[in-house]
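What follows is the residue order along each chain.
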Amino acid sequence: MAKYIAKLHNSATGQAVLLFLYLFLVVASFVAGKASRDALFLEQFQAVQLPYADIAISILVGFAVAAYVRLGRAVSLDKLLVLSLSGYIATAVLFWWLGTHCRFAWLYPLVYVWIGVYGVLATAQVWTLANYVFTTREAKSKFSIVGSGAIAGWIAGGYLSKTLAAAYGAESLLLVIAGALTLAIGLVVVIWRGRAISDPQKSAAQAQAGLRARLQQIVSMPHLRTIAVLIGLSSFATTTAGWQFKAMAKQAIPATAQLAAFFGEFNFYAGILSLVVQLTLTSRLIKRFGIGPALLVAPCALLIGSAGTLLLGTLSAAVVLKGFDQVFRYSVDKSTVELLYLPVPFGIKVEAKSLIDTVVWRLGDGLAGVSVLMVANYFRATPQKASWITLAAVLLWGAVALMARKTYVSSLQSIVQGLRPQKQRVAEFAEARVSKNFNRRKIEKILALEIAQHYRSYQVLQQLTEITTEFPERVAELQRSMRLESGRIFRLLAILYPQSDIESTYAAIRSGVPVIRDSALELMENTLQPELHRLLVPLFDEALSVGQRARLAARVLEAAGLSLQPSAAAAR
């Protein structure tokens, strides 16, 4: 088994499976710990006091991340992850021992706060490692696999919570964290050895930059700033919804063990639904409609759930609200938000992402806690009426999601710009620059023929490569011709899309650098018309083999009524 796992890191799919397992263990342990802390806290305190704990988490996360960033400057990411996991294990065992041997008044609030901090840091660390493993194009197809680990973890964690809490008490769930993270340490070592992207070298200025400097950097970069606001608003909305769910559950189920079991059962079934959505919808939705619409799924779902809770005010309505949160935020939304980080330069990505996914996330939790305290204590609002807060936050969340798509495209453009050689620009794109007045319909017809010809060329190339020992010179000649075809395709695109900087995109695709090339392909998917980019991207995606493109060519040409089955004789 160990040898099999060690071999997985040699491919992108293998790395995705390993990251799936890593995220599975982290989330399963967090869900088990979360069910334990919620039930133990509500045994000793009232639901209205939960926001105080959430505020404490938001404050302590800042100190934890400051220490994490400082430590990250001294050691590599893999060592940082191993040290963090070891610390989580030791703390979980300590709290279990204290809970079973010497309880004291403030033990459970400490457990509540620690598990909140742990859940933020540990989950963010998995996705940070994932950004080191995949390029932009790989991430778009593999992040759905990785994200499924979180959903499967919710299912497993919910089942363990339901089973162990009833049999051994809520404290026993703390040992689940220690056991799961012990296995995670081995996965981190294997994943790091097979990463595709080297650990970036930091400048002296970067190495000395503190937490405040990193926050200023996030504020100064439009794309990072938008991501931060997006995550802050989503955290605010979902934390408020989570408080409504817990408060209504406590009113309906007063007993501690039964309440922990209820939380576990909810997580189990919500996790199953989320996994179904992740496997059947997430990847298709992102590929079909892009990042923009995918970012709107979770806020739209919570908008419906909040409206239902406001109108009905029952535990069932709160279950639907929280269910929408977990089903869509941990499937479609999580995978999509992680894609937003891909255009961020690697030199600043790790620390910026760590700050946003921890400090900003928990800042949203803290602000939600303050809001809940105000409406509950000063306005005497019930959990049902707190839906007004959730509704306002969700509407703002949706508006910022639309902005995030624009800043994502702008960041991709910044990656591909500056790569075009001046001689190539003059020689290959002069026609596009001077063609201000043209017949668009005619250019589109010519482009369609060029694309069809390029697909035909892959059919011919496939047959030639099968007999390459007999006709090597014909293969080289065809490949030269195909390079000319691709140049003509992009010159025509430059005429049709003068605002999209096709020239830089073409240079990035030809750069030979996987990260830059994949960013260019992603830019094409977000700037060209859907029908066009679905035809073009497979022609230049290096993840597809010649055989795969030839088979795709048969379908494309047949659908266009231009089917052609070249023979070996025709290839000669």
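Student: Sorry if this is basic, but what is going on with the overall build of the protein chain here?
Tutor: In terms of regular secondary structure, the protein chain is built from 23 helices and 0 strands. Expressed as a percentage of the 572 residues in the protein chain, the buried residues total 56%. A separation threshold of at least 6 residues defines the contact pool for the protein chain, and within that pool the share at least 24 residues apart is 83%. Carbon and sulfur atoms make up 63% of the accessible area of the protein chain, which totals about 24,400 Å².

Student: How do you make sense of the side chain of Ser235 when you look at a structure like this?
Tutor: Residue placement: Ser235 occurs in helix α10 (residues 222-252). Those residues in contact with Ser235 that sit more than four places away from it in its chain are Trp361, Gly364 and Asp365.

Student: What should I look at first to understand the nonpolar core in this one?
Tutor: As a rule of thumb, nonpolar side chains are buried together in soluble globular proteins. By size, the foremost hydrophobic cluster in this structure holds 169 residues, and its most contacted members are Tyr22 and Leu536. Tallying contributions element by element places helix α5 (residues 107-133) first for this core, with 18 residues. Ignoring sequence-local partners within four residues, the contact set of Leu536 consists of Ile451, Ile489, Leu493, Met524 and Leu528.

Student: Where do I start with the pattern of salt bridges in this structure?
Tutor: Opposite charge on two side chains lets them pair, provided their charged atoms get close. Under the definition given, this model contains 3 salt bridges. For Arg329, the salt bridge goes to Asp325, with nearest N and O atoms at 2.5 Å. Of this pair, Arg329 and Asp325 both sit in helix α13 (residues 315-340), 4 residues apart, roughly one helical turn. Both residues of the pair, Arg329 and Asp325, count as buried.

Student: How do you make sense of the side chain of Arg329 when you look at a structure like this?
Tutor: For Arg329, a relative accessible area of 12% puts it in the buried group. Excluding its chain neighbours within four sequence positions, the residues that come into contact with Arg329 are Thr238, Ala298, Phe324, Lys334, Trp361 and Trp397.

Student: Quick question: what am I supposed to make of the packing of helix α17 (residues 440-466) against helix α21 (residues 530-540) here?
Tutor: To characterise two packed helices, one gives the angle between the axes of the helices and the distance between these axes. In the contact formed by α17 and α21, the axes pass within 11 Å of each other and the chain directions differ by 35°. Once α17 is placed against α21, the crossing between them reads as left-handed. Along its contact with α17, which presents Leu447, Ile451, His454, Tyr455 and Tyr458, the element α21 presents Leu532, Leu535, Leu536, Pro538, Leu539 and Phe540. A per-class count over the contact of α17 with α21 returns 10 nonpolar, 1 polar and no charged.

Student: Just checking my understanding: could you explain the packing of aromatic side chains for this structure?
Tutor: The geometry of an aromatic ring pair is captured by the separation of the ring centres together with the interplanar angle, meaning the angle of the planes. With the rule as written, the count across this model stands at 9 aromatic pairs. Between Phe95 and Trp114, the aromatic rings sit 5.8 Å apart at their centres with planes inclined by 55°, giving tilted as the arrangement. Of this pair, Phe95 sits in helix α4 (residues 77-101) while Trp114 sits in helix α5, and the two are 19 residues apart along the sequence. With respect to class, Phe95 is no different from Trp114; both count as buried. Centre to centre, the rings of Phe324 and Phe328 are 6.1 Å apart; their planes meet at 45°, and the pair counts as tilted. Placement of the pair is Phe324 and Phe328 together in helix α13, with a separation of 4 residues, close to one helical turn. Given a relative accessible area of 17%, Phe328 falls into the buried group. Taken together, the ring pairs in this structure connect Phe30, Tyr88, Phe95, Trp114 and Tyr118 into an aromatic cluster.

Student: Is there a simple way to think about the confidence of the model for the protein chain in this case?
Tutor: Low-pLDDT portions of the prediction should not be read for the details of their coordinates. Looking at the protein chain, pLDDT values average 77 and 84% of them are 70 or higher. Here helix α23 (residues 568-571) stands out as the least confident element of the protein chain, with mean pLDDT 36; helix α12 (residues 291-312) is the most confident, with 87. Here residues 201-208 is a poorly scored stretch, pLDDT under 50, and it has 8 contacts once near neighbours within four places are set aside; other chains count. Segment residues 563-572 is flagged for pLDDT under 50; beyond a separation of four residues in sequence, or across chains, it makes 18 contacts in the model.

Student: Help me understand the packing of α5 against helix α7 (residues 173-193), please; the structure alone is not making it clear to me.
Tutor: In contact at an axis separation of 13 Å, α5 and α7 are set at 20° when each is read in the N-to-C sense. Regarding the angle of α5 to α7, the classification is roughly parallel. Of the two possible hands of crossing, α5 and α7 adopt the one that is left-handed. For the pair α5 and α7, contact is made by Val111, Trp114, Ile115, Tyr118, Leu129, Tyr132 and Val133 and by Leu174, Ile177, Leu181, Ile191 and Trp192, respectively. Residues of the contact of α5 with α7, tallied by class, amount to 12 nonpolar, no polar and no charged.

Reading the values: rules and limits
- Residues numbered from 1 in each chain as written.
- Predicted model: local features only at pLDDT ≥ 70, side-chain atom pairs only at ≥ 80, totals over all residues.
- Heavy atoms only, no water.
- Helix = DSSP H or I, 4+ residues; strand = E, 2+ residues; numbered from the N terminus.
- Buried < 20%, exposed > 50% of the residue type's maximum accessible area, 1.4 Å probe, protein only.
- Contact = heavy atoms within 4.5 Å.
- Areas by Shrake-Rupley, 256 points an atom, 1.4 Å probe, with all protein chains shown as cover.
- Core = buried A, V, L, I, M, F, W, Y, C linked by side-chain atoms within 4.5 Å.
- Salt bridge = Lys/Arg side-chain N within 4 Å of Asp/Glu carboxyl O.
- Axes fitted to C-alpha atoms, helices over the stretch in contact; angles between N-to-C directions.
- Left-handed = near helix turned anticlockwise from the far one by under 90°.
- Nonpolar A, V, L, I, M, F, W, Y, C, P; charged D, E, K, R; others polar.
- Phe/Tyr/Trp six-rings, centres within 6.5 Å; stacked < 30°, edge-to-face > 60°.
- pLDDT = per-residue confidence, 0-100.
- Parallel < 35°, antiparallel > 145°, perpendicular 65-115°, else oblique.

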